Amino acid sequence: MRRRAIIQMLVIGVLAGVVTGAVAVIVPWLPDAASEQADEIDAVYWFVTIICVAVFALVAGVAVYSGWKFRAKDDDMDDGAPIHGNTGLEVAWTALPVALVVAMSIFSIIVLDRISTVPSDHRTIEVKAQQFAWSFTYPELDRTEGDLVLELGEPYEISITATDVIHSFWVPEFRMKQDAVPGIVTQTYVTPTKVGTYQVICTELCGLGHSTMRARAIVLSHADYEKWANAGKGGGGAAPGKTSGLAIFTDQCASCHTLAAAEATGTIGPDLDTVLAGKDEEFIHTSIVDPNAELAPGFEPNIMPSTFGDSLSDAELTALVNFLLESVNA
Ligand code: CUA
């Protein structure tokens, strides 16, 4: 009788474990995995998740079954028979969790070591974070961009710093995340494995514009990367897709500014339909490259990055100024 109860209990627990484990694996919880590091991190994630789900379901299954099967009858107020320790059981429920935790730790340490080792033959990209923008310097190409552009399959060292407060560099599809701290340079490593456009996200609360502090992470095939790298020779070229003033505005400015012509409704910076109305080309140009030169009433200095003069090429800057000029005087 007792043996039968234990077998029933275990069957329910194991079934619950299998079902919950299947749900954990089938539902797509994670963003796309687009780097070698992501594949390794996901392997640890799934290893730990499956163990935890199985243990949870087993414990919950046994507890629920026991509560139902061994509940007291209405007229039975006895404490029941006294229970003595079971040495075998105690050894088992101590040794098994220890073995699981040790296995998870060893796996994690191995992966942590692999993803934090400088890859040989890597390229370096210098990342600068500031309220509330990213800039990416490519020393080999001698240029700085507002986009993170990577070549498929190439190992990269991402070298990160900040100019004002602490920010944090994160591309969910790469899984790699690293703080950007003023005064020191931190590193992270990425070998992209999927062509596509992802988002660089600031993941450290850094001020009013934190939630808008995004940039594009673009992974290009070898041929497209060559095209991009060569296009930029002799002065910062446009990243793929940025051709018109409207496109540049939407990409770089719309999250903070309101501008009817671009259907932008940002409120972190001034409403451009108001503050740029009737202004000339020179004023608009200066407002972009040197935003502290003349502040709109009610706005603090240094909210807008002063790096657009570097991160935008001359052609992009001209396109953006002309677009704004036309938009506010339409
Ligand atoms: Cu930078 Cu949050």
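The numbering scheme is per chain: residues are counted from 1 as the chain's sequence reads. pLDDT decides what is reported in this predicted model: residues at 70 or higher carry local features, side-chain atom pairs at 80 or more are listed and counted, and totals for whole chains, interfaces and linings draw on all residues regardless. Where side-chain values are given, they derive from all heavy atoms of the structure, hydrogens and water being excluded.

**Points about the overall build of the protein chain**
And step 1. Each helix and strand in the protein chain was counted, giving nine helices and 12 strands.
And step 2. Here the globule rule is a power law, 2.2 Å times the number of residues to the power 0.38, and the radius of gyration is based on C-alpha atoms. The globule rule puts the C-alpha radius of gyration for 330 residues at 20 Å, and the 28 Å found for the protein chain is more than 25% above it.
And step 3. The dimensions of the protein chain, computed from C-alpha atoms along their principal axes, are 90 × 50 × 35 Å.
And step 4. A separation threshold of at least 6 residues defines the contact pool for the protein chain, and within that pool the share at least 24 residues apart is 66%.
And step 5. Surface accessibility of the protein chain: about 18,500 Å² in total, with carbon and sulfur atoms responsible for 61%.
And step 6. Computed over 19 positive and 41 negative side-chain charges, the inter-centroid distance for the protein chain is 14 Å. Under the DSSP-based scheme used, a helix requires at least four consecutive residues in state H or I and a strand at least two consecutive residues in state E, with every element numbered from the N terminus. Contacts are assigned to residue pairs with any non-hydrogen atoms lying within 4.5 Å of each other. In these tables, accessible area is a Shrake-Rupley quantity obtained with a 1.4 Å probe, and a residue counts as shielded only by the protein chains included in the view. His is not counted, nor are the chain ends, whereas Lys and Arg count as positive and Asp and Glu as negative. To locate a charge, take NZ of a lysine, CZ of an arginine, CG of an aspartate or CD of a glutamate.

**Let's talk about helix H5 (residues 245–252)**
Since the α-helix advances by 3.6 residues per turn, residues separated by three or four positions end up pointing in the same direction.
And step 1. Within the sequence span of H5, burial applies to Gly245, Ile248, Phe249 and Gln252. On an axial view of H5, the arc spanned by its buried residues comes to 100°, and they lie on one face. Any residue under 20% of the maximum accessible area for its type is buried, any over 50% is exposed, and the rest in between are partly exposed; the area is computed with a 1.4 Å probe on protein chains only. Directions from the helix axis toward the C-beta atoms define the arc.

**Digging into helix H4 (residues 222–231)**
And step 1. Listed as buried for H4 are Tyr225, Trp228 and Ala229. Angularly, the buried residues of H4 cover 95° about the axis, an arc narrow enough to put them on a single face. Opposite the packed face of H4, turned more than 90 degrees from it, sit the exposed residues Lys227 and Ala231.

**Considerations on the sheet that holds strand E10 (residues 214–220)**
And step 1. Judged by pairing direction, the sheet is mixed, and its five strands sit side by side in the order E4-E10-E9-E6-E7 without closing on themselves. A strand with exactly one partner marks an edge of an open sheet, and here the two such strands are strand E4 (148–151) and strand E7 (177–180). When strand polarity is set aside, the average angle formed by the axes of neighbouring strands in this sheet is 25°.
And step 2. Strand pairing is assigned whenever DSSP identifies at least 2 bridges connecting the two strands. By the bridge criterion, two bridges tie strand E6 (residues 167–170) to strand E9 (residues 196–202) in an arrangement that is antiparallel. Bridge pairing links tryptophan 170 to isoleucine 201 in E9.
And step 3. Of the strands in this sheet, E4 and E10 touch H4, which is tilted by about 135° from E4. With axes taken as lines fitted to C-alpha atoms, and helix axes fitted only over the stretch in contact, angles between N-to-C directions fall between 0 and 180 degrees.

**What to know about the pattern of salt bridges**
Oppositely charged side chains are able to pair whenever their charged atoms sit close together.
And step 1. Salt bridge, as applied in this entry: a Lys or Arg side-chain nitrogen positioned within 4 Å of an Asp or Glu carboxyl oxygen. Evaluated as defined, the whole model comprises eight salt bridges.
And step 2. With a closest N to O distance of 3.7 Å, lysine 194 and aspartate 32 form a salt bridge. Highlighted residues: lysine 194 in the loop between strand E8 (186–190) and E9 and aspartate 32 in the loop between helix H1 (2–26) and helix H2 (36–69), separated in sequence by 162 residues.
And step 3. Since its relative accessible area comes to 36%, lysine 194 is described here as partly exposed.
And step 4. The class of aspartate 32 is partly exposed, set by a relative accessible area of 44%.
And step 5. Shared partners join several salt bridges into a network, and the residues in it are Arg123, Glu151 and Glu154.

**Description of the side chain of glutamate 151**
And step 1. Summarising the element assignment, glutamate 151 is placed in strand E4.
And step 2. Polar contact is the term for a pair of N or O atoms within 3.5 Å; when the atoms are in protein, one must be able to donate a hydrogen and the other to accept it, and sequence-neighboring residues count only if both atoms are side-chain atoms. At 2.6 Å, the side chain of glutamate 151 forms a polar contact with the side chain of histidine 222.
And step 3. Excluding its chain neighbours within four sequence positions, the residues that come into contact with glutamate 151 are Arg123, Tyr156, Pro192, Leu220, His222 and Tyr225.

**Here's the deal with the nonpolar core**
And step 1. Remark: nonpolar core denotes a set of buried residues (Ala, Val, Leu, Ile, Met, Phe, Trp, Tyr, Cys) joined through side-chain atoms within 4.5 Å. In this structure, Trp134, Phe136, Leu148, Phe169, Phe174 and Val200 are the most contacted members of the largest nonpolar core, which totals 37 residues.
And step 2. Secondary-structure elements contributing two or more residues to this core are helix H3 (87–115), strand E1 (123–130), strand E2 (133–138), E4, strand E5 (156–162), E9, E10 and H4.
And step 3. Sort the elements by how many residues they give to this core and E10 lands first, with five residues.
And step 4. By size, the runner-up hydrophobic cluster in this structure holds 19 residues, among which are Ala262, Leu276, Ile288 and Val328.

**Some remarks on the pairing of E9**
And step 1. Within E9, five of the seven residues are buried, which leaves the element mostly enclosed by the surrounding structure.
And step 2. Across six bridges, the pairing between E9 and E10 is antiparallel. Directly across from glycine 196, in E10, lies its bridge partner valine 219.

**Some points on the confidence of the model for the protein chain**
And step 1. How sure the predictor is of each residue is captured by pLDDT, a score from 0 to 100. Looking at the protein chain as a whole, its pLDDT mean stands at 87, while 96% of the residues score no less than 70.
And step 2. Scored below 50 in pLDDT, residues 234–241 makes 17 contacts in the model with residues more than four places away or belonging to other chains.

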